[in-house]
Amino acid sequence: MGTMISLKSLRVDYEDVNAVKDIDLEISAGQIYGLVGPNGAGKTSAIKAIAGILEPTYGEIKIAGHDLELEPREALRKLGYMPDFPPVYENLKVWEYLDVFAAAYLIPGAQRAGKVKHWLKKVSLSEKHDALIKDLSRGMRQRLILAKTLLPDPQVLILDEPASGLDPLARKQMRDILKEAAAEGKTILISSHILTELSEFCNAVGIMEKGELRVSGSIEEIRVRLGSHKRLTVRLASPTPANVDKVYHFLGNSKHCASMAKTEKQEINCLFTGSKEDAAWILTQLTLQETSIYDFTCVEDDVEDIFLKIGAKEVS
Amino acid sequence: MNLFDLKNNPNFLQCWRERNRPATVGSAVTLLIIIEAMIFTNAYFDDRLGLKSAQDVTPWFVDSISALAILQGIVLLFFGSVSAYRLSSRERTNRTIDFHRSSPTPRTHQILGLVLGSTSLEWWISLLILTVQLILALLNNLPVIAILQFYIQLALCAALYHALFALMGISRDPLKNKAGALILFVGIYFLAHILVANKLSFVYQCTWLPAYEQLDSVLKPENAGRGWPHYGQNNQAELNYTLFGAVLPALPFQMLVQIPFMALFLAGIGRRFTNVEQPVLSKSQLLTSAFYTFTLFTGSYVSLHFFSDDKHFRPEGYIVSLLILMMFFAIIGALLATPSHIGYQRGLRRARKLGLGHLNWAHNSSSNAVWGGLFCLLCATVLAIYFHLFSTSPGNAVLASLILLGHIVFFVSFVEYFNLSAMHSKKPILFTVIVILWFLIPLFGTIISAGAGKMPTALVALFAPSPIFGVIETFLYLMEQKSREKFQNQHVAVSITLIIIWSMAVSAVLLATYERRRLKSLG
Ligand SMILES: Nc1ncnc2c1ncn2[C@@H]1O[C@H](COP(=O)(O)OP(=O)(O)O)[C@@H](O)[C@H]1O
Ligand SMILES: [Mg+2]
């Protein structure tokens, strides 16, 4: 299918604020793209422009190949949008609300009731089928909006901070639903200022700051571009000073290790630039030197670390 | 998908469900039955017990049909408008309008669904009342067609009101202060007074009066041809159906007036769905609606001027209404057609990105200069018709147009200057400046010259900046009526007036041009 969301020099302005500065972005089919950035970075503004709610100053937005300005109906039909704030009709019943928006996505009357039931079950709101929306809690409303977004079976999902206001169980449930959607080949753009909830299932990220997309690409690409390293941690069963020094110096002499550090708990930390084979070789050598190693961990930075790193770069 | 397939219209479904819960429907029907029972018993026993005056020979069922017609009017016009306003403004407070904006339902369906859905309860109640009226008519051999025509005329007028109120509702920004809406409302209120106080046919046809007149003349044949309210001897009742001297049938004339305005309001609702930030009406819609209104005005005025057989009636005074209408369109138009600071900047950036020198004049982000020019041209053309009608001398015609157009040019350019300048975020400044120039200084002039026979000529400087004075002066020159020489030297007074108005106008134009250049150079 190729590119599902394509932005070309997208710019959004408010009075005295340039919220989005000429962003270019391409998200291909099946990707789960995490848009991260601190509050005020311009994520919501960019997402609103893509959802056709905010008229950008200029820029081209294409959804599944349809230009939002030239063929809005075709583009919007492909799109499911979930805002950061749940817009609801307080005086409608839960099923009525879903039915209204199923109709808005041109789903024929005969199919709507079944779809409504199916999605209410998915977001665990079945027992609220006939409840008035004004009696729902914030988290329930958020789940209702998630059901509203997925019900028309859109190919592209745009979710603005969907996890805010959800309890941990509901978060997990939402993650599962989104993973399932991704497995079906849907393209997902999800924004957040907290990455933990995204990092495990995003396969690409974009980091926004002050209206600019600082970095964008698959996590692998970003890692390479930022010179991101693996982090090596070694713990000893009986950390005597002699033992610790021995390991410390051995690692220090290796060309793959940098930024050596000893923690208070006598753990040894360093950045590791070598391959898996290099790590295995070092472990073998250390074991041969009888240094009582009980933990030898080599982890890659997760998205959160990358995010922090970029943040740190900006600050420095 | 069919436009009238309301069962699949999301906006209609939402409003319908919310407004037609069993409890609401039950109490509405109960209330309706009680009111109808009261109407019937009242009318019936008036007849039976001989409580009526001797001259009043209308049978009870005719009285009942009339009373039900008034009930229908209250339900549709009043309650319907309130509901249209309430449910549309909630789209903004709930932010559900965002969901509709990002859904693939066609705009026309959304507009229709919102306006019809929000008033659905009122519509079916009015249909129930209609059914009762029809049964009464059938049982008593009254013309059923007349009752149906009444309903169609009333329904058309109700639809116009609903469109207007839905537009006002959906234009209400819950986050901003309500001053803008209030000013608009007060403006419409005063305009309505100025217009309704006259006998122009197009104003009559804007209202629900023709519907009731038509019903009244059929139910009580003795009232036929007397108009509503009853005008007495002269031919005003007929003139109410006359445009450019031609008498039009009731329903087509009402449609000719009401449908275009309804379409305009519905288009405004559509623009709200498309982009909340853009003005309710586009530059070209503003020009078209001004053109149409002036045409209707002229058609109505010409009819009065040539065909009224009321000897004591002087329709010339209505020209003041026309001039006020021109100022009103200029003010509302300038406020809507002038881009905001950020809007103008967006336009510049967009044009630059697209490699254009500037955007089309009708674009929301374009300067109002071309729009203002076209509006002045329109006003000048309309004035020319009246110069011809009153055989105004060329000199006075030029004076009259210069005074009115000067005020229009000033206001249109001054708003643009203000919006683009560094003061743009301080709207109260604009408001204060205008209040001082238009009201406070002339008020001061009036106070100090009170009681004097002829005013010192120099005092005209205090009145010149105000379009209230401007409209009166324009009117006097147009009518060749120089008798009212309030100032010691009328010729000098006119020169001072023109110099002041046009130096204000030219400075505003220059300031606006300067601000446009400044923003352009900022990039
Ligand atoms: N309606 C608005 N009017 C003016 N400024 C706004 C508006 N909405 C957002 N902004 C500003 O635009 C910037 C980006 O905001 P936003 O897109 O909401 O960021 P995020 O979603 O990343 O937190 C912020 O500086 C914010 O203050
Ligand atoms: Mg946000």
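Since we're looking at a predicted model, the values are computed, not measured.

**Student:** I keep staring at the packing of helix α1 (residues 10–19) of chain B against helix α3 (residues 60–94) of chain B and nothing clicks. Help me out?
**Tutor:** Geometry of a packed helix pair, given as the angle between the helix axes and the separation of the axes. Residue and element names in this part refer to chain B. Look at α1 against α3: their axes get within 12 Å of each other, and the N-to-C directions meet at 120°. One element, α1, and the other, α3, form an angle in the oblique class. Considering how the two elements wind past one another, α1 and α3 form a crossing that is right-handed. For the pair α1 and α3, contact is made by Gln14, Cys15, Glu18 and Arg19 and by Ser83, Arg86, Leu87, Arg90 and Glu91, respectively. Residue classes in the contact of α1 with α3 are distributed as 2 nonpolar, 2 polar and 5 charged.

**Student:** What is the right way to read the domain arrangement of chain A from this model?
**Tutor:** Interfaces are often sized by the amount of accessible area the parts lose when they come together. For chain A, the assigned domains read domain 1 (3–223) and domain 2 (229–300). The C-alpha-based centres of domain 1 of chain A and domain 2 of chain A are spaced at 44 Å.

**Student:** Explanation requested: helix α15 (residues 341–353) of chain B in the structure shown.
**Tutor:** One full turn of an α-helix is made of 3.6 residues, so residues set three or four places apart face in the same direction. All names here are of chain B. If you check α15, its first and last C-alpha atoms are 18 Å apart, about what 13 residues at 1.5 Å a residue would give, namely 18 Å. A large share of α15 lies buried, amounting to 11 of its 13 residues. Those residues of α15 that fall on the buried side of the exposure criterion are His341, Ile342, Gly343, Tyr344, Gln345, Arg346, Gly347, Leu348, Arg349, Arg350 and Ala351. Positive phi shows up at Gly355, right after α15, with a value of about 75°.

**Student:** Help me understand the packing of aromatic side chains in this model?
**Tutor:** Each aromatic ring pair is summarised here by two numbers: the centre-to-centre distance and the angle between the ring planes. Counted according to the given criterion, the structure contains 28 aromatic pairs over all chains. Where Phe294(B) meets Phe375(B), the ring centres are 6.5 Å apart and the plane angle is 45°; that geometry is what we call tilted. Here Phe375(B) lies in helix α16 (residues 369–389) and Phe294(B) lies in helix α13 (residues 283–307), a separation of 81 residues in the sequence. The pair formed by Phe294(B) and Phe375(B) is uniform in burial state, with each residue classed as buried. Here the aromatic residues Tyr81(A), Tyr89(A), Tyr97(A), Phe101(A) and Phe99(B) are joined through ring pairs into a cluster of three or more. Sitting above the plane of the Phe85(A) ring, Arg95(B) keeps its charged end 4.3 Å from the centroid. Lying over the aromatic face of Phe313(B), Lys199(B) brings its terminal NZ or CZ to 4.9 Å of the ring centre.

**Student:** So what exactly am I meant to see when it comes to the site of ligand 1 here?
**Tutor:** Residue and element names in this part refer to chain A. Around ligand 1, the structure places Tyr14, Val17, Ala19, Pro38, Asn39, Gly40, Ala41, Gly42, Lys43, Thr44 and Ser45. Contact between ligand 1 and Gly42: an oxygen atom at 3.0 Å from a main-chain N or O atom of the residue. In this structure, an oxygen atom belonging to ligand 1 sits 2.5 Å away from a side-chain N or O atom of Ser45. Coverage of ligand 1 by the protein chains reaches 60% of its 550 Å² of free accessible surface.

**Student:** I tried to follow the environment of Phe61(B) on my own but got confused; where do I start?
**Tutor:** Here Phe61(B) shows up in helix α3. What Phe61(B) contacts, discounting residues up to four positions off in sequence, is Leu136(B), Asn140(B) and Leu142(B).

**Student:** Even after reading the chapter, I still don't get the confidence of the model for chain B, so can you show me in this structure?
**Tutor:** Caution applies to low-pLDDT parts of the model: their predicted coordinates are not meant to be read in detail. Confidence along chain B averages 89 in pLDDT terms, with 93% of residues attaining 70 or more. Both confidence scores are given for the complex: pTM 0.88, ipTM 0.88.

Conventions adopted
- Throughout this description, residue numbers start from 1 for each chain and increase along the sequence as written.
- Here the convention is simple: chains get letters from A, ligands get numbers from 1, in the order in which they are written.
- The model is predicted, so local features are restricted to residues of pLDDT at least 70 and side-chain atom pairs to those at 80 or more, both for listing and for counting; the totals for chains, interfaces and linings are taken over all residues.
- Water and hydrogen atoms play no part in the side-chain values, which are based on all heavy atoms of the structure.
- Note on method: axes are straight lines fitted to C-alpha atoms, helices fitted across the in-contact stretch only, with angles between N-to-C directions ranging 0 to 180 degrees.
- Under the DSSP-based scheme used, a helix requires at least four consecutive residues in state H or I and a strand at least two consecutive residues in state E, with every element numbered from the N terminus.
- Small angles under 35 degrees read as roughly parallel and large ones over 145 as roughly antiparallel, with 65 to 115 read as roughly perpendicular and the rest as oblique.
- Note: crossing handedness is left-handed where the near helix turns anticlockwise from the far helix by less than a right angle, and right-handed where it turns clockwise.
- Contacts were defined at the residue level, with two residues in contact if any of their heavy atoms lie within 4.5 Å.
- Charged means Asp, Glu, Lys or Arg here, nonpolar means Ala, Val, Leu, Ile, Met, Phe, Trp, Tyr, Cys or Pro, and polar covers whatever is left, Gly included.
- These domain limits were set by an automatic method or by a database of domain assignments.
- The span expected for a helix works out to 1.5 Å for each residue beyond the first.
- Exposure categories follow from relative accessible area, calculated using a 1.4 Å probe and restricted to protein chains: below 20% of the type maximum is buried, above 50% is exposed, and the middle band is partly exposed.
- Classification of ring pairs uses Phe, Tyr and Trp, with its six-membered ring standing for Trp, and accepts pairs whose centres are within 6.5 Å; under 30 degrees between planes counts as stacked, over 60 as edge-to-face, and the remaining range as tilted.
- Here, a charge over a ring is recorded when the distance from Lys NZ or Arg CZ to the ring centre is within 6 Å and its angle to the ring normal is within 35 degrees.
- It suffices for a single heavy atom of a residue to lie within 4 Å of a molecule or strand for the residue to be listed as near it.
- In the analysis that follows, any N or O atom pair within 3.5 Å is treated as a polar contact, provided that within protein one partner can donate a hydrogen and the other can accept it, and provided that, for residues neighboring in sequence, both atoms belong to side chains.
- Here the Shrake-Rupley method, with its probe set to 1.4 Å, supplies the accessible areas, and only the displayed protein chains count as covering residues.
- Scored between 0 and 100, pLDDT is the confidence that the predictor attaches to each residue.

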